[in-house]
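The chain contents come next:
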Amino acid sequence: MSSDYLAALCAWVLFFVFRKKLVLADITNLDILTSGEPTLIIGIIIIPIFWILLYYIAGEYDNIYHKSRLKEFGSTAFISLLGVVIIFFVLILDDDIVTYRNYYKSFLYLLGVHFSLTYTFRLLHTNATAKQIQNREIGFATLIIGCGEQALKLYNDINSKPKSAGEHFVGYIDINGNHSPELASRIPCMGTIDNLIEAINTNRIEEVIIAVEPDEKPKLQEIIIKVKSTPVEIRAVPDILDIISGNVRMSSIFGVPLIELSHDTMPAWQANIKRMIDVTISFIAICLLLPVYLILAICVKLSSKGPIFYLQERIGRYGKPFNIIKFRTMIVDAEKYGPALSSDNDPRITPLGRFIRKVRFDELPQFVNVLKGDMSLVGPRPERAFYIEQIVQKAPHYYTVFKVRPGITSWGQVKYGYAENVDEMVDRLKYDIIYLENMSLYLDIKILIYTVKTVLEGSGK
């Protein structure tokens, strides 16, 4: 990021000199380097920030250690072209010029200088990183799922390569207990598939390679569902059928051929814009709703004994717990006999709480959760660990919702409302799964519109 900032700054200064001294020389004779030209100063401040923001939105700062030099060349060229077009439409087209050829000269000069400086800095960094990875100075914490002959062969094949592709094996997961003594003597066992998500999160695993034996393949679906709920790169050892059918993809010429199973729920640029929208709207909402927060806080405090806010541990993105914040709508010690879901005529809900729930005002404090990064405006509703354990008994694919941040509102919440039992949670889950398979900014906007409609009509369940 720092090299991109420096490249953008230098490119803009060189471009400014080019425009004033060469292209527009017959219009102005200003000495731009000593006259304190205000547009130069403004450009030095704003233009590099614009480029950093553009690269962030495009996902250029995601997985920086997995960058391919060829792909980075293409993405840098495309984003440079897009950024220069935006700059020209916003800043350059109102210039006084003698001939339109000056526009073409200026455009090509800025594009060439910006791309050359940016990619040169990036290439130097990527080359240095690639060399460290190949020499095993940098590695990615890698977990093998499997402990039999396939896992041992994978371990030996990758470690025997003269140049590393980045895998640094930190352990393996036992599937059926078919341990290879040789593998067990080299890396530790980190549990079974029952605690797979916990093992990945606790050990900060970055890559997972699935290497199962033929008799372990029936458990593949469970393994893949769980692993896909985490942020790791997922690959698998192929068999001859996979190779013939063309499913094997390689990201490095130095690596062992593997099937790549990872896929993002949204394109990187949409995911980053989604996060920017989350933060912006939440910040604005908190500022505008301060009077509402104050009124609700007073009403909750006067309506019944107990605190104003209710904190409850929920399971969020990648299976990590967090405390969700709500306005209290129930009496104190509502769950003194254990976790219990609410119903339409639940005596534990206060009269004020019944109204607050109907118009969804109890969810308003969760804008703070969004700012903290625990939640998003739109996403599957987070549940408690107590109920998740029951849900996965009936719907093992529930783990897939961990792939994204949970939301203040969701398609399931709009269509179904609050669930009163585990069976209703499972029924509502189908809407969340459909949302995950079709995630887009457009769908988020539609869900937000329907949520506002529900609040205004007071038709929430």
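For every chain, the first residue of its written sequence is number 1, and the numbers climb from 1 along that sequence. This being a predicted model, a pLDDT of at least 70 is required before a residue's local features are given, and a value of 80 or more before pairs of side-chain atoms are given or counted; all residues contribute to the totals for chains, interfaces and linings. Neither water nor hydrogens contribute to the side-chain values; these are computed over all heavy atoms in the structure.

*Asks:* Teacher, can you tell me more about the overall build of the chain here?
*Replies:* Helix and strand definitions follow DSSP, with helices as H or I runs of at least four residues and strands as E runs of at least two, each counted in order from the N terminus. A count of helices and strands for the chain gives 17 helices and ten strands. Residues are treated as being in contact if the distance between any of their heavy atoms lies within 4.5 Å. Considering only contacts in the chain between residues 6 or more positions apart, those separated by 24 or more positions represent 74%. Only the protein chains shown count as cover for residues, and the accessible areas themselves come from Shrake-Rupley with a 1.4 Å probe. Carbon and sulfur atoms make up 62% of the accessible area of the chain, which totals about 24000 Å².

*Asks:* Would you mind going over the sheet that holds strand β3 (residues 189-192) with me for this structure?
*Replies:* The strands making up a sheet associate through hydrogen bonds between their backbones, and the pairing can be parallel or antiparallel. In this analysis, strands are considered paired if DSSP registers two or more bridges between them. Taken together, six strands build an open sheet; the order of strands is β3-β2-β1-β4-β5-β6 and the sheet is mixed. Edge positions in the open sheet fall to β3 and β6 (259-260), since each of these has one partner strand only. Here six bridges tie strand β1 (residues 140-145) to strand β2 (residues 167-174), and the two strands are oriented parallel to one another. Of the residues in β2, the one forming a bridge with A141 is H168.

*Asks:* I keep staring at the packing of helix α14 (residues 385-394) against helix α16 (residues 422-437) and nothing clicks. Help me out?
*Replies:* What describes two packed helices is the angle between their axes and the distance between those same axes. For helices, the fitted axis covers only the stretch in contact; all axes are lines through C-alpha atoms, and the angles between them, taken along N-to-C directions, range from 0 to 180 degrees. Here α14 crosses α16 at 65°, and the two axes come no closer than 10 Å. Of the two possible hands of crossing, α14 and α16 adopt the one that is right-handed. Contact with α14, carried on its side by Y387, Q390, I391 and K394, involves V422, D423, M425 and V426 of α16 and no other residues of that element. Among the residues making up the contact of α14 with α16, the classes are represented as five nonpolar, one polar and two charged. Throughout, a crossing is termed right-handed when the near helix is turned clockwise from the far one, and left-handed when it is turned anticlockwise from it by less than a right angle. Gly is placed with the polar residues, together with every amino acid not listed as nonpolar (Ala, Val, Leu, Ile, Met, Phe, Trp, Tyr, Cys and Pro) or charged (Asp, Glu, Lys and Arg).

*Asks:* Looking at this model, I keep getting lost on the nonpolar core. Mind explaining?
*Replies:* Across soluble globular proteins, nonpolar side chains have a tendency to be buried as a group. Grouping buried Ala, Val, Leu, Ile, Met, Phe, Trp, Tyr and Cys residues that are joined through side-chain atoms within 4.5 Å yields what is termed a nonpolar core. Categorising residues by exposure relies on relative accessible area from a 1.4 Å probe, with only protein chains included: less than 20% of the type maximum marks a residue as buried, more than 50% marks it as exposed, and the intermediate range marks it as partly exposed. Ranked by internal contacts, the top residues of the largest apolar core, which has 42 residues, are F327, F367, Y398, V401, F402, Y435 and L436. Mapped onto this core, the elements with two or more residues apiece are α10 (268-288), α11 (290-303), β8 (321-327), α13 (366-372), β9 (376-378), α14, α16 and α17 (441-457). Here the element with the most residues in this core is α16; it accounts for six residues. Excluding residues within four positions of it along the chain, F402 makes contact with I197, S229, I315, G316, R317, Y318, G319 and I388. Residues I173, M190, I205 and I223 belong to the second largest nonpolar core, which totals 20 residues.

*Asks:* Explanation requested: the packing of aromatic side chains in the structure shown.
*Replies:* The description of an aromatic ring pair rests on the distance of the ring centres and on the angle between the ring planes. Classification of ring pairs uses Phe, Tyr and Trp, with its six-membered ring standing for Trp, and accepts pairs whose centres are within 6.5 Å; under 30 degrees between planes counts as stacked, over 60 as edge-to-face, and the remaining range as tilted. Scanning the entire structure with this criterion turns up 17 aromatic pairs. Aromatic pair Y293 and F327: ring centres 6.1 Å apart, planes at 40°, arrangement tilted. On the criterion of sequence distance, the pair formed by Y293 in helix α11 and F327 in strand β8 is long-range, its members being 34 residues apart. When sorted by exposure, Y293 lands in the same class as F327, which is buried. Consider the rings of Y399 and F402, whose centres lie 6.0 Å apart with planes at 65°: the pair is edge-to-face. Given the relative accessible area of 17%, Y399 is considered buried. Using a relative accessible area of 5% as the deciding quantity, one classes F402 as buried. Members of the aromatic cluster, connected to one another through ring pairs, are W12, F15, F88 and F107.

*Asks:* Looking at this model, I keep getting lost on the side chain of D444. Mind explaining?
*Replies:* Residue position: D444 is located in helix α17. Residue class for D444 comes out buried when judged on its relative accessible area of 7%. Separated by 2.4 Å, the side chains of D444 and K274 make a polar contact. Contacts of D444, omitting those with residues within four sequence positions, involve K274, V378 and Y435. Under this definition, polar contacts are N or O atom pairs within 3.5 Å; protein pairs additionally need one hydrogen-donor-capable and one acceptor-capable atom, and for neighbouring residues in sequence, both atoms have to be side-chain atoms.

*Asks:* Would you mind going over the pattern of salt bridges with me for this structure?
*Replies:* If charged atoms from side chains of opposite charge come close, those side chains can pair. Salt bridges, as used here, are contacts in which a Lys or Arg side-chain nitrogen is within 4 Å of a carboxyl oxygen on Asp or Glu. A complete count under the given rule lists 14 salt bridges for this structure. A salt bridge links D157 to K153; the nearest nitrogen and oxygen atoms lie 2.9 Å apart. You can see D157 and its partner K153 sitting in helix α5 (residues 149-159), four residues apart, about one turn around the helix. Salt-bridge contacts for R235 lead to E167; the nearest nitrogen and oxygen are separated by 2.8 Å. In this pair, R235 is assigned in strand β5 (residues 233-236) and E167 in strand β2, connecting sequence segments 68 residues apart. Since its relative accessible area comes to 12%, R235 is described here as buried.

*Asks:* Hey, could you run me through α11 in this one?
*Replies:* In an α-helix, one full turn covers 3.6 residues, which means residues spaced three or four apart are oriented alike. The end-to-end C-alpha separation of α11 is 20 Å, in line with the 20 Å expected for 14 residues at 1.5 Å each. The complete set of buried residues in α11 reads Y293, L296, A297 and V300. Down the axis of α11, the buried side of the element spans an arc of 105°, and every buried residue falls inside it. Exposed and oriented more than 90 degrees from the buried face of α11 are L294, I295 and L302. If you follow the buried residues of α11, they end up packed against α10, β8, α12 (351-358) and α13. Given a helix with a known number of residues, its expected span is that number minus one, times 1.5 Å. To be clear, the arc concerns the directions from the helix axis to the C-beta atoms.

*Asks:* Would you mind going over the pairing of β2 with me for this structure?
*Replies:* Burial within β2 is extensive, with six of its eight residues counted as buried. Crossover handedness for the path β1 to α5 to β2: right-handed. Looking at chain direction, β2 and β3 are connected through two bridges and run parallel. What sits directly across from Y172, in β3, is C189. With strands facing away from the observer, any crossover in which the path from the first strand over the helix to the second runs clockwise is taken as right-handed.

*Asks:* I would appreciate a short explanation of the environment of D333 in the present structure.
*Replies:* Turning to its location among the elements, D333 is positioned in the loop between β8 and α12. Distance in space between the C-alpha atoms of D333 and G306 is 9.2 Å, their sequence separation being 27 residues.

*Asks:* I'm lost on a nonpolar patch on the surface in this one. Help?
*Replies:* Like charges within 9 Å and nonpolar side chains (Val, Leu, Ile, Met, Phe, Trp, Tyr) within 5 Å are joined into patches, using only residues over 30% in relative accessible area that form no salt bridge. Together, Y5, I41, I42, I45, I46 and I49 make up an exposed nonpolar region whose accessible area comes to about 570 Å². The element best represented in the nonpolar patch is helix α2 (residues 38-57), accounting for five residues. Along the chain, the position of I46 falls in helix α2.

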